[in-house]
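# Examining the three-dimensional arrangement
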Amino acid sequence: MTNIQEALQSYSAQYDQLMKEDINIDMTRGKPSGEQLALSFEMLDVLKSKDADTYLSYFNYGIPSGIPEAKALFADLFDVSQNEIYIGGNSSLNLMHDMVNKFMFYGVSEDALPWKDQQVKFLCPVPGYDRHFTICESYGIEMIPVTMTDHGPDMDQVESLVKDDPAIKGMWCVPLYSNPQGYNYSDETVERLANMHTAADDFRIIWDNAYGYHHLGEEVIKVKNLLHACQSAGNPERALMVMSTSKMTFPGAGISALATSETNIKYLLSLFGVQTIGHDKLNQLRHVKFFGDKDGLIEHMRKHKEIMAPKFDVVDTYLSEKLYSPEICKWNKPQGGYFITIEVLDHCASEIVEKCSVLGLKVTPAGATHPYGKDPNDSVIRIAPSFLNVEELKEAMDILCVVINYVTLNKLYENQ
Ligand code: PMP
């Protein structure tokens, strides 16, 4: 018997054994764990009725761009001026969606044509964040995949696509600890994005800095400021940078923010003003009081790191130690963010996810990391280790490694 055949028999037996167990583990989405949420429970105590007089105007309608204290905090976090900040509602996804919606119906500026009256395409670095792709799909925006590298999207591809096609109006970017690979955009990538010639004069980059302060490594990685780079390049309106506290305090009960040119802020305010008289200013105040300032927020994120980093270690250790051979799977160990991407042999990802699900381990659906849910090589699997506790995560990784071994060795054996 060949080595592969012997190993396959053993993994097949392990798989059959797992079938008999009652497994119920969900690793589909990057939700913070209960322990992480508890880090912010004290935020519930920071507003006191005795202080109400100081903040009377925050209890009423108005101040649509956000309270000055929140703008000051986010200006610091984005490293821009306060006039370049808009504080949104509880979700940056909502903010990104609403910007695309406004651009569809009204165009990107006072004198621009609405995107709905033109052909619209978006560049999508892949693998990427499924909810970005869903926004495009919901508006019929054609998605063009571009290859993601460990220093950002392949800029040769990006530049050659945008220079000739006026229908390419936008691009999604997750510049730091990207979802799902945990890659970071290099300074050169940022400069090229800011400077590149685009055939569309209403081209915008949606810079989703969801993991801007979610460091896990020793080194604090910083991405070059896109807004400043665009301003220096003579494309001041190109950058729309968003962030939220969803994975700092409470997902769904955090605050979001946009950093962009003053011109864009003014224009978007006029459009957002139609749909709301202002977001939740008490939640803005609660967040500012809880964090104090940027240093306070960084200290808070260090506590998240203490909980998250050991989980990233577990995933890395299991993949390093339990896979049949390093050739059957590639993965990286991100220095921050929420996800780890593993790349298995071509045409194996869906079967692995399916077999995990049959056993009772739910993993992000294969293909979710690609536009239209289609991974052409069927090889990318996204691991979201945050929500499980370390023991559950070890069990999940044990199962996942058995299934990867079983499915990929089967494939190798068939192709022998
Ligand atoms: N962008 C990225 C890249 C994300 O991974 C997530 C959360 N999974 C979001 C945005 C959603 O953020 P929010 O809760 O602020 O809408």
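Taking an unreviewed UniProt entry as the reference, the protein chain is identified by name as Aminotransferase class I/II-fold pyridoxal phosphate-dependent enzyme belonging to Macrococcus psychrotolerans.

## As for the overall build of the protein chain
The helix and strand inventory of the protein chain stands at 13 helices and 13 strands. For the protein chain, whose C-alpha radius of gyration is 23 Å, the value lies close to the compact-globule estimate of 22 Å for 416 residues. Summarising its shape, the C-alpha atoms of the protein chain cover approximately 75 × 60 × 35 Å along the three principal directions. Going through the 416 residues of the protein chain one by one, you find that 55% of them count as buried. Across the protein chain, every contact between residues at least 6 apart in sequence was considered, and the portion connecting residues at least 24 apart equals 77%. When the 36 basic and 57 acidic side-chain charges of the protein chain are each reduced to a single mean position, those positions are 4 Å apart.

## Focus: the nonpolar core
One finds Leu193, Trp207 and Ile352 to be the most contacted residues of the largest nonpolar core, which totals 106 residues. The contact partners of leucine 193, leaving out residues within four places of it in the chain, are Met155, Val158, Met171, Cys173, Tyr185, Ile205, Trp207, Leu226 and Arg238. One finds Cys124, Trp172, Leu268 and Phe272 within the second-largest nonpolar core, a separate group that totals 28 residues.

## Quick word on the pattern of salt bridges
The full count for this structure, using the stated rule, is 16 salt bridges. In this structure, arginine 192 and aspartate 156 form a salt bridge, with 2.7 Å as the shortest nitrogen-oxygen distance. You can see arginine 192 sitting in helix 7 (residues 187–195) and its partner aspartate 156 sitting in helix 6 (residues 155–164), a full 36 residues away along the chain. Arginine 192 is the partner of glutamate 159 in a salt bridge, and the nearest nitrogen-oxygen pair spans 2.7 Å. Within this pair, whereas glutamate 159 is found in helix 6, its partner arginine 192 is found in helix 7, the two being separated by 33 residues in sequence. Here arginine 192 falls in the partly exposed class, since its relative accessible area comes to 22%. One network of salt bridges, in which partners are shared, links Asp156, Glu159, Glu188 and Arg192.

## Points about the packing of aromatic side chains
Tallying each qualifying case throughout the model produces 13 aromatic pairs. The ring of tyrosine 338 has lysine 247 sitting right over it, with the charged end atom 4.4 Å from the ring centre.

## Thoughts on the sheet that holds strand 4 (residues 142–149)
Here we have eight strands laid out as an open sheet, ordered 2-9-8-7-6-3-4-5, and mixed in their pairing. For this open sheet the edge positions go to strand 2 (85–87) and strand 5 (152–153), each flanked by a neighbour on one side alone. Alignment of strand 4 against strand 5, held across two bridges, turns out to be antiparallel. Bridging across to strand 5, methionine 148 finds its partner in proline 153.

## Notes on the pairing of strand 13 (residues 380–383)
In strand 13, alternate side chains face the same way, and those of Val380 and Arg382 on one face and Ile381 and Ile383 on the other are all buried. Pairing of strand 11 (residues 340–344) with strand 13, which is carried by four bridges, proceeds in the antiparallel orientation. The residue of strand 13 that forms the bridge with threonine 341 is arginine 382.

## Observations regarding the packing of helix 12 (residues 349–359) against helix 13 (residues 390–415)
Contact geometry of helix 12 with helix 13 gives a least axis separation of 9 Å together with a crossing angle of 130 degrees. Comparing the axis directions of helix 12 and helix 13 gives the class oblique. Judged by the twist between their axes, the crossing of helix 12 over helix 13 is right-handed. Two secondary-structure elements touch here, helix 12 through Glu351, Ile352, Lys355, Cys356 and Leu359 and helix 13 through Ile399, Leu400, Val403, Ile404, Tyr406, Val407 and Thr408. In terms of residue class, the contact of helix 12 with helix 13 is built from nine nonpolar, one polar and two charged.

## As for the site of the ligand
Within the structure, the ligand sits among 13 residues, and Ser92, Asp208, Tyr211, Ser244 and Ser246 are positioned closest to it. Contact between the ligand and serine 91: an oxygen atom at 2.8 Å from a side-chain N or O atom of the residue. Taking 400 Å² as the accessible area of the ligand by itself, protein coverage stands at 87%. Per-element accounting of the shell around the ligand gives the leading share, three residues, to helix 4 (residues 92–106). By residue class, the composition of the shell around the ligand is six nonpolar, five polar and two charged.

## What to know about a negative patch on the surface
Side chains of Asp76, Asp79, Asp293 and Asp295 sit close together on the surface and give a patch of like negative charge. Summarising the element assignment, aspartate 79 is placed in the loop between helix 3 (68–78) and strand 2. Given the relative accessible area of 43%, aspartate 79 is considered partly exposed.

## What about the side chain of aspartate 202?
Mapped onto the secondary structure, aspartate 202 falls in the loop between helix 7 and strand 7 (204–208). Note on aspartate 202: relative accessible area 4%, which makes it buried. Beyond its immediate chain neighbours, meaning those up to four positions away, aspartate 202 contacts Val108, Leu113, Trp115, Gln118 and Lys169.

## Some remarks on helix 9 (residues 262–272)
Those residues of helix 9 not exposed but buried are Asn264, Ile265, Tyr267, Leu268, Leu271 and Phe272. Buried-residue contacts for helix 9 involve strand 2, helix 4, strand 7, strand 8 (239–244) and strand 9 (256–259).

## Some details on helix 13
For helix 13, which comprises 26 residues, the first-to-last C-alpha distance of 37 Å matches the rise-based estimate of 38 Å (1.5 Å per residue) to within 8%. Its side-chain oxygen placed 3.1 Å from the backbone nitrogen of glutamate 391, asparagine 389 serves as the N-cap of helix 13.

## As for the packing of helix 1 (residues 3–19) against helix 12
Remark: helix 1 packs on helix 12, axes separated minimally by 9 Å, with the N-to-C direction vectors making an angle of 40 degrees. Between helix 1 and helix 12, the angle is such that the two are oblique. Where helix 1 abuts helix 12, its residues Tyr15, Leu18 and Met19 lie against Lys355, Val358 and Leu359. Per-class residue counts for the contact of helix 1 with helix 12 are five nonpolar, no polar and one charged.

Reading the values: the criteria
Residues numbered from 1 in each chain as written. Predicted model: local features only at pLDDT ≥ 70, side-chain atom pairs only at ≥ 80, totals over all residues. Heavy atoms only, no water. Helix = DSSP H or I, 4+ residues; strand = E, 2+ residues; numbered from the N terminus. Rg over C-alpha atoms; globule rule 2.2 N^0.38 Å. Buried < 20%, exposed > 50% of the residue type's maximum accessible area, 1.4 Å probe, protein only. Contact = heavy atoms within 4.5 Å. Lys, Arg positive; Asp, Glu negative; His and termini not counted. Charge placed at Lys NZ, Arg CZ, Asp CG, Glu CD. Core = buried A, V, L, I, M, F, W, Y, C linked by side-chain atoms within 4.5 Å. Salt bridge = Lys/Arg side-chain N within 4 Å of Asp/Glu carboxyl O. Phe/Tyr/Trp six-rings, centres within 6.5 Å; stacked < 30°, edge-to-face > 60°. Lys NZ or Arg CZ within 6 Å of the ring centre and 35° of its normal. Pairing = 2+ DSSP bridges. Axes fitted to C-alpha atoms, helices over the stretch in contact; angles between N-to-C directions. Parallel < 35°, antiparallel > 145°, perpendicular 65-115°, else oblique. Left-handed = near helix turned anticlockwise from the far one by under 90°. Nonpolar A, V, L, I, M, F, W, Y, C, P; charged D, E, K, R; others polar. Near = heavy atom within 4 Å. Polar contact = N/O pair within 3.5 Å; in protein donor to acceptor, adjacent residues only side chain to side chain. Areas by Shrake-Rupley, 256 points an atom, 1.4 Å probe, with all protein chains shown as cover. Patch = residues over 30% accessible without salt bridge, like charges linked within 9 Å, V, L, I, M, F, W, Y side chains within 5 Å. Expected span 1.5 Å × (residues − 1).

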